[in-house]
Amino acid sequence: TETIPSTDYTLSGSLTAGTSTIIVTSSGKTTTFTVTVTHSPGVYTVTNTLTGCTNSNSAASVTEGGCYSGTITASAGYMMTGATVSITMGGTDITGTAYSNGTISIASVTGVLVISVTAVAVTLSSISAVYTQSGTVLDTDSLDSLKSDLVVTATYSDSSTSTVPSTDYTLSGTLTEGTSTITVSYGG
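In this text, all values refer to a predicted model and were calculated from it rather than measured experimentally.

## Describing the overall build of the chain
Along its length, the chain carries 1 helix and 17 strands. In terms of overall dimensions, the chain is more spread out than a globule: its C-alpha atoms have a radius of gyration of 33 Å, far above the 16 Å expected for 188 residues. Seen through its C-alpha atoms, the chain measures out along the principal axes to roughly 120 × 30 × 20 Å. Look at the contacts in the chain between residues 6 or more apart in sequence, and 45% of them connect residues 24 or more apart. On the chain, roughly 11,800 Å² of surface is accessible, and the fraction owed to carbon and sulfur atoms is 51%.

Structure, rendered in C-alpha cells:
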C-alpha cells in the first residue's frame, strides 16, 4: 500500500447539511467516504424603503434563522392607518404574517428582507389659538408682536396635534382701542 498524494486523486459529490457521501477517484478506481456537514448560516440583507415613517430596527442585515422585529412609526404629518405595506423574504410576499398594526415580527429569517411602507399624509382638520396677554398692547403695535403670547395648535385627520411655530402662521386684523379680534391663518 502507499499513500496517494492529493494531487493524484479527485473528489466529487456535494457538501450539504447532514451526512454527505464523497467519491474519491484515482487511476480509474473509486471509493467513497462520508462526512458530517454542519450548516453555516448565511447573512441576508434588509432593505427599508420607507415614506412618511421610520422603522425602529435599522439593521442592514440579519443572520439566517434569526428573528427580525421592528416598529413602524409615522413621521410628523403622516399616519399609519391606511398605509401601504409590503414585506418580502427571499422574494416571497410575507406581509400578512409578518406585519400587524405597525409591528414587524419575523420568527425565522430565511432570505433577503425587503420592507416597503408608505404612510398616509394626514390632513389639517382645524386650528385653535390661545392668547394669554402678558402686558399692555398699544394700537400702534404690530400684529406679530402678539405672537409671543399666542399658542396656535393644529389638529390633524388622525386626531394628532402639534404646536404651530410662530413663523408658520399669519395674523390679520386691526388693533384698535378696546377689544380687537385677530384672525390666525395656517394651512388654509
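## Structural notes on the pattern of salt bridges
Scanning all chains against the criterion turns up 1 salt bridge. Across the salt bridge formed by Lys147 and Asp144, the nearest N and O atoms sit 3.5 Å from each other.

## Some words on the layout of surface pockets
For the largest pocket, the calculated volume is near 370 Å³. The wall of the largest pocket is formed by 18 residues, among which Tyr131, Leu146, Leu175, Ser180 and Ile182 lie closest to the centre. Here the lining of the largest pocket is composed, by residue class, of 10 nonpolar, 6 polar and 2 charged.

The rules behind the values
Residues numbered from 1 in each chain as written. Predicted model: local features only at pLDDT ≥ 70, side-chain atom pairs only at ≥ 80, totals over all residues. Heavy atoms only, no water. Helix = DSSP H or I, 4+ residues; strand = E, 2+ residues; numbered from the N terminus. Rg over C-alpha atoms; globule rule 2.2 N^0.38 Å. Contact = heavy atoms within 4.5 Å. Areas by Shrake-Rupley, 256 points an atom, 1.4 Å probe, with all protein chains shown as cover. Salt bridge = Lys/Arg side-chain N within 4 Å of Asp/Glu carboxyl O. 1 Å grid on protein atoms, 1.4 Å probe; cavity = no way out; pocket = protein on both sides within 12 Å on 5 of 7 lines; lining within 4 Å. Points joined across faces, edges and corners; volume = space filled by probe spheres on them. Nonpolar A, V, L, I, M, F, W, Y, C, P; charged D, E, K, R; others polar.

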